[in-house]
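Structural description and commentary
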Amino acid sequence: MLSMRGVNKHFGALHVLADIDLDVSAGEVVVVIGPSGSGKSTLCRTINRLETIGSGSITLDGRELPSEGRELAALRADVGMVFQSFNLYAHKTVLENVMLGPVKVRRMPRARAQQRALKLLDRVGVAAQAHKYPVQLSGGQQQRVAIARALAMEPKVLLFDEPTSALDPEMVNEVLDVMTSLAREGMTMVVVTHEMGFARSAADRVVFMADGRIVEEALPHDFFSAPKSERARDFLSKILTH
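What counts and how
- Residues numbered from 1 in each chain as written.
- Predicted model: local features only at pLDDT ≥ 70, side-chain atom pairs only at ≥ 80, totals over all residues.
- Heavy atoms only, no water.
- UniProt positions renumbered as here; feature names shortened; annotations may be inferred.
- Helix = DSSP H or I, 4+ residues; strand = E, 2+ residues; numbered from the N terminus.
- Rg over C-alpha atoms; globule rule 2.2 N^0.38 Å.
- Buried < 20%, exposed > 50% of the residue type's maximum accessible area, 1.4 Å probe, protein only.
- Areas by Shrake-Rupley, 256 points an atom, 1.4 Å probe, with all protein chains shown as cover.
- Expected span 1.5 Å × (residues − 1).
- Arc of directions from axis to C-beta.
- Pairing = 2+ DSSP bridges.

If you check an unreviewed UniProt entry, the chain appears there as ABC-type polar-amino-acid transporter from Streptomyces himalayensis subsp. aureolus. Checking UniProt for the chain, the heading Catalytic activity (unreviewed entry) contains the comment "a polar amino acid(out) + ATP + H2O = a polar amino acid(in) + ADP + phosphate + H(+)".

This is how it looks when you write it as structure tokens:
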């Protein structure tokens, strides 16, 4: 479904992605973990061209990612993204936020878009908030709306960039529960997160990054019980001791 080959990205002199090779199969959940500054979020953002790449190629469903224009807009419709900071439109209701993409981009009739949006809001547990504005919702509710908005476009791949890091601790699980149910339903997902419990339970594969490189890829059980690289062992010893 998704393939990255020899992807490199620089910010000035900083080499933030170095020769990245990564394949994600249809229905697979790949969780990307690693220390801050390792390039995880940049990797996620290159997949729908929010960040351009210096070299290499990224293909989605056999088609190389275009760099601009209408083709890029069409591709972005196939790659849903859930951000750290929700990015909902403050002046639109929850329902309007979820309807907007299908109506404007997919040219879906408004009545059908509304019906679908209400179903998705129910699926993520916030149907009762449909006519409220984002500011009236908790952070956890806003992030679940953001997930519904991404799903409304019927994406082939769903990207999550640190989706729980801006949330209060008691709201984290309500978002992770939605993500876990999506994983079980077979959604193709690339998830950048610090939530090791989610990585253990929901991932098909864990990708560990450090210094802009993929250092290690493994099944969750293998990675957490016996990481192969010294860098991964050091990372896990620091985060799993508390």
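Within the chain, the secondary structure is distributed over nine helices and ten strands. Compactness check: the chain gives a C-alpha radius of gyration of 18 Å against a globular reference of 18 Å for 242 residues, within 12% of the reference. Each of the three principal axes of the chain carries a C-alpha extent, and together these read 55 × 45 × 30 Å. Out of the 242 residues in the chain, the part that is buried amounts to 54%. Counting only carbon and sulfur atoms, one obtains 48% of the accessible surface of the chain, whose full area is about 11,300 Å².

Here helix α4 (residues 110-123) is 14 residues long and its end C-alpha atoms lie 20 Å apart, about the 20 Å a rise of 1.5 Å per residue gives. Those residues of α4 that fall on the buried side of the exposure criterion are A113, A117, L120 and L121. Down the axis of α4, the smallest arc covering the buried residues is 100 degrees, so these residues share one side. Exposed residues lying more than 90 degrees from the buried face of α4 are A111, Q115, K119 and D122. Once α4 finishes, G125 follows within two positions and takes phi at roughly 85 degrees, a positive value.

In this section: the pairing of strand β2 (residues 14-24). Look at any regular strand and the pattern is simple: side chains alternate between the two faces of the sheet. Of the pairings in the sheet, the one linking strand β1 (residues 2-11) to β2 comprises seven bridges and is antiparallel in character. By the bridge assignment, K9 is partnered in β2 with L17. Following β1, the chain reverses through two residues before pairing antiparallel with β2; G12 in that reversal takes a positive phi of roughly 65 degrees.

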